[in-house]
Amino acid sequence: MRLVSEKPDVRVPRLVGLMAVDAYETALVRGLSLHAPDRPDLRVAVVDHVVRQYPRPGARVPRESTVYVWFDFGEGEGGGGIREPRVPRPPLGGLRRELAEPGDAPSYCAAVGPP
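First, a word on what this report is: a plain description of the structure on this page. Note that this is a predicted model, so its numbers are computed, not measured.

With that out of the way, let us pick up the environment of G17. Its place among the elements puts G17 in the loop between β1 (9-11) and α1 (20-29). The exposure class assigned to G17 is partly exposed, which follows from its relative accessible area of 46%. For the pair G17 and R52, spaced 35 residues apart in sequence, the C-alpha to C-alpha distance is 8.6 Å. Discounting residues that sit within four places of it in the chain, G17 has contacts with H49 and V50.

Structure follows, in structure tokens:
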């Protein structure tokens, strides 16, 4: 049995970071419906995580309102990028170090400036 709030206005819960199934249940308990513009069939996005929502968490809305959630960052919004380690790591020494071929001894460039 689900507990549903009987208040006329409800506060929008924080859904960002939740999986789709958990976000759906959290909204349902508050008497809200969920709509995902980037996922026409929300039931397919069960394990996707919410990255954005509208209205914002804590906003007071009438019961049975719709909360919009997105599972992908929009164009130009970025995201976390690639977080895997880079192997092999870039050589130490910055711009002054060059390697001709892997395994060769490093050669250092002398700073060129006015004599």
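Resuming the write-up.
Our next topic: the nonpolar core. Counting residues in hydrophobic clusters, the biggest one holds 16 residues, and the most contacted among them are L15, L32, L34, V67, V69 and F71. Among the secondary structure elements, those contributing two or more residues to this core are α1 and β5 (66-70). At 3 residues, the largest contribution of residues to this core is made by α1. Those residues within four positions of L34 in sequence are excluded, and the remaining contacts are L15, A23, Y24, A27, L42, V67 and V69.

So, on to unusual backbone geometry. With an omega of 0°, the peptide bond between Y54 and P55 qualifies as cis. Within the element layout of this structure, P55 appears in the loop between β3 (52-54) and β4 (60-62).

Cut-offs applied
- Residues numbered from 1 in each chain as written.
- Predicted model: local features only at pLDDT ≥ 70, side-chain atom pairs only at ≥ 80, totals over all residues.
- Heavy atoms only, no water.
- Helix = DSSP H or I, 4+ residues; strand = E, 2+ residues; numbered from the N terminus.
- Buried < 20%, exposed > 50% of the residue type's maximum accessible area, 1.4 Å probe, protein only.
- Contact = heavy atoms within 4.5 Å.
- Core = buried A, V, L, I, M, F, W, Y, C linked by side-chain atoms within 4.5 Å.

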